[in-house]
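Geometric and topological summary
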Amino acid sequence: MTRTEPRNGALVLFSGGQDSATCLAWALDRYDTVETLGFDYGQRHRVELECREGFRAAIAQTFPEWGERLGDDHMIDLSVLGSISDTAMTREIEIETAANGLPNTFVPGRNLMFMQIAAAIAYRRGLEFLVGGMCETDFSGYPDCRDDTMKALQVALNLGMETRFVIETPLMWLDKADTWRLAQQLGGEALVELVRVETHTCYVGERAELNDWGFGCGECPACKLRKRGYEAYLAGEHVTQAPV
Ligand code: ZN
């Protein structure tokens, strides 16, 4: 595999949801070139994937300076994840908490696999920074979103590929109100509005009605968190416990 000379560039794991869209803006604000990466693993909320292109086009148009930095989009078929895991993310089953305390939307190893593939693509593209929306403070409890996991993975990837990748997780210690605040700081109300309307978070893929906080069923854990975060953002508060 040929390797491009390293440049001040980032590869953003971009699913089309609120978190990764905010990460994309964060990266466009600080790197010379930014490429995006999405995964199709048979997720139930495929509508999220369909938002990716719309958000990329909208952010490039609304922020021309960022548009110049926005590079290629990579879409990888990871249907193998759906075939090796049986979770509420890829199957039509009720979202609930499993015996180990984790929600059954947890896809074991998903973010590990995502980062590994991101590193392989970044290697080829000469991009040094891998940016992901992993977050410890969103109450999901996903162990592959933890800061220690990401730091360990950075070491493993660099050892295994003889590289100096830096994994950046700008949302790691932010609550969901802070994530809206970050969008506000990066691109003002225009970016908040883009995130509100052009991204998708709902686990069940509901996109019929635009609520104050964006599209979604309003009932699934992802919607409740997004809704609570938006309300706290408007009120100047924080989200200190999981919404019920
Ligand atoms: Zn929902």
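Read on for a plain summary of the structure. (Residues numbered from 1 in each chain as written. Predicted model: local features only at pLDDT ≥ 70, side-chain atom pairs only at ≥ 80, totals over all residues. Heavy atoms only, no water.)

**Focus: unusual backbone geometry**
- Phi at Glu162 takes a positive value of approximately 55°, unusual for a residue other than glycine.
- By the secondary structure assignment, Glu162 is in the loop between helix 6 (147-161) and strand 5 (166-168).
- The class of Glu162 is exposed, set by a relative accessible area of 72%. (Helix = DSSP H or I, 4+ residues; strand = E, 2+ residues; numbered from the N terminus. Buried < 20%, exposed > 50% of the residue type's maximum accessible area, 1.4 Å probe, protein only.)

**So, the coordination of the zinc ion**
- Looking at the metal site, the zinc ion is ligated by Cys202 (SG), Cys217 (SG), Cys220 (SG) and Cys223 (SG), spaced 2.3 Å from it.
- In this structure, the zinc ion is surrounded by four donor atoms whose angles at the metal cover 104 to 117°, and the resulting shape is tetrahedral.
- Read in sequence order, the donor residues for the zinc ion give the motif C-x14-C-x2-C-x2-C. (Donors = N, O, S within 2.8 Å, 3.2 Å for Na, K, Ca; no water. Tetrahedral: all angles 85-135°; square planar, octahedral: opposite > 155°, others 65-115°.)

**Details of the packing of helix 2 (residues 47-62) against helix 7 (residues 176-198)**
- Running from N to C, helix 2 and helix 7 cross one another at 165°; their axes reach a closest spacing of 10 Å. As far as their axial angle goes, helix 7 and helix 2 are roughly antiparallel. Once helix 2 is placed against helix 7, the crossing between them reads as right-handed. In this structure, helix 2 contributes Cys51, Gly54, Phe55, Ala58, Ile59 and Thr62 to the contact, and helix 7 contributes Ala190, Leu191, Leu194, Val195 and Glu198.
- Residue composition of the contact of helix 2 with helix 7, by class: eight nonpolar, two polar and one charged. (Axes fitted to C-alpha atoms, helices over the stretch in contact; angles between N-to-C directions. Parallel < 35°, antiparallel > 145°, perpendicular 65-115°, else oblique. Left-handed = near helix turned anticlockwise from the far one by under 90°. Contact = heavy atoms within 4.5 Å. Nonpolar A, V, L, I, M, F, W, Y, C, P; charged D, E, K, R; others polar.)

**Some words on the pattern of salt bridges**
- Enumeration over the complete set of coordinates arrives at nine salt bridges.
- Note that Asp73 and Arg52 form a salt bridge whose closest N and O atoms lie 2.7 Å from each other. Taken together, the residues Asp73 in strand 3 (residues 70-77) and Arg52 in helix 2 connect sequence positions 21 residues apart.
- The partly exposed category is assigned to Asp73, whose relative accessible area is 34%.
- Its relative accessible area of 3% is what places Arg52 among the buried residues.
- Between Arg228 and Glu237 there is a salt bridge, and its shortest N-O distance comes to 3.8 Å. (Salt bridge = Lys/Arg side-chain N within 4 Å of Asp/Glu carboxyl O.)

Note that all results are geometric; they support no functional claim without further evidence.
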